[in-house]
Amino acid sequence: MDYKKTKAAQSTISRDLEVLTQETGNIYETVMLLAKRANQISSELKEELNQKLQEFASYTDNLEEIFENREQIEISKFYERLPKPTLIAFEELKEGEIYHRNPTRENKKRI
């Protein structure tokens, strides 16, 4: 998913617990589902950011060669402004983009 084009809220807002339990029937199961997806999103974003910042890496130990790079600062600021991974995960849940199954249950659900 392209997280840069997500419609997730930038700040935390109140959620209705009944809406959260609609698909799974259990609030704790939904929270765990969102937590696991948020961890996946977070690691993907971190890997992407590290790849972009790797281009600016300096492998010398000379302090005189360290300088500010505007592009590096802009990339960092862009990733700081993205919605938090938990908010992106909730938006995916709301839009039905998360697939999960509970091994204790026989049927698969599409959230």
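Now for a quick tour of the structure. (Residues numbered from 1 in each chain as written. Predicted model: local features only at pLDDT ≥ 70, side-chain atom pairs only at ≥ 80, totals over all residues. Heavy atoms only, no water.)

### Some words on the overall build of the protein
Across its full length, the protein holds four helices and two strands. The order of helices and strands in the protein, counted from the N terminus, is α-α-α-α-β-β. By the burial criterion, 24% of the 111 residues in the protein qualify as buried. A separation threshold of at least 6 residues defines the contact pool for the protein, and within that pool the share at least 24 residues apart is 69%. (Helix = DSSP H or I, 4+ residues; strand = E, 2+ residues; numbered from the N terminus. Buried < 20%, exposed > 50% of the residue type's maximum accessible area, 1.4 Å probe, protein only. Contact = heavy atoms within 4.5 Å.)

### Considerations on the pattern of salt bridges
If you walk through the whole model with that rule in mind, you get three salt bridges. Among the salt bridges present, the one from K52 reaches E48, with a minimum N-O distance of 3.9 Å. Taken together, the residues K52 and E48, both in helix α2 (residues 27-54) and four residues apart, mark about one turn of the helix. Given the relative accessible area of 22%, E48 is considered partly exposed. The partner of K94 in a salt bridge is E91, with the nearest N and O atoms 3.6 Å apart. (Salt bridge = Lys/Arg side-chain N within 4 Å of Asp/Glu carboxyl O.)

### What about the packing of aromatic side chains?
Any pair of aromatic rings gets described here by the distance separating the centres and the angle formed by the planes. Scanning the model with the defined rule gives one aromatic pair in all. Taking the centre distance of 5.6 Å and the plane angle of 90° together, the rings of F78 and Y79 count as edge-to-face. With a relative accessible area of 33%, F78 lands in the partly exposed category. (Phe/Tyr/Trp six-rings, centres within 6.5 Å; stacked < 30°, edge-to-face > 60°.)

### Things to note about the packing of α2 against helix α3 (residues 70-81)
At their nearest, the axes of α2 and α3 sit 10 Å apart, and the two run at 170° to each other. Of the possible angle classes, the one that applies to α2 and α3 is roughly antiparallel. Contacts from L45, E48, L49, K52 and L53 of α2 reach α3 at Q72, I75, S76 and Y79. Its residues assigned to classes, the contact of α2 with α3 comprises five nonpolar, two polar and two charged. (Axes fitted to C-alpha atoms, helices over the stretch in contact; angles between N-to-C directions. Parallel < 35°, antiparallel > 145°, perpendicular 65-115°, else oblique. Nonpolar A, V, L, I, M, F, W, Y, C, P; charged D, E, K, R; others polar.)

### Section: helix α4 (residues 85-95)
Looking at α4, one finds that the buried residues are L87, I88, A89, F90, E91, E92 and L93. Those residues of α4 hidden inside the fold are in contact with α1 (17-20) and α2. Directly after α4, the chain includes G96, whose backbone phi takes a positive value near 75°.

### Remarks on the side chain of E91
Mapped onto the elements of the fold, E91 is located in helix α4. Apart from the residues lying within four places of it in its own chain, the contact partners of E91 are T6, K7 and A8.

### Looking at the environment of L34
Along the chain, L34 turns up in helix α2. A relative accessible area of 14% means that L34 is categorised as buried. Put simply, L34 and E92 are 58 residues apart on the chain and 9.2 Å apart in space, counted from C-alpha to C-alpha. If we ignore the near neighbours within four places in the chain, the residues touching L34 are L20, A89, F90 and L93.

Bear in mind that shape data such as this cannot, by itself, settle questions of function.
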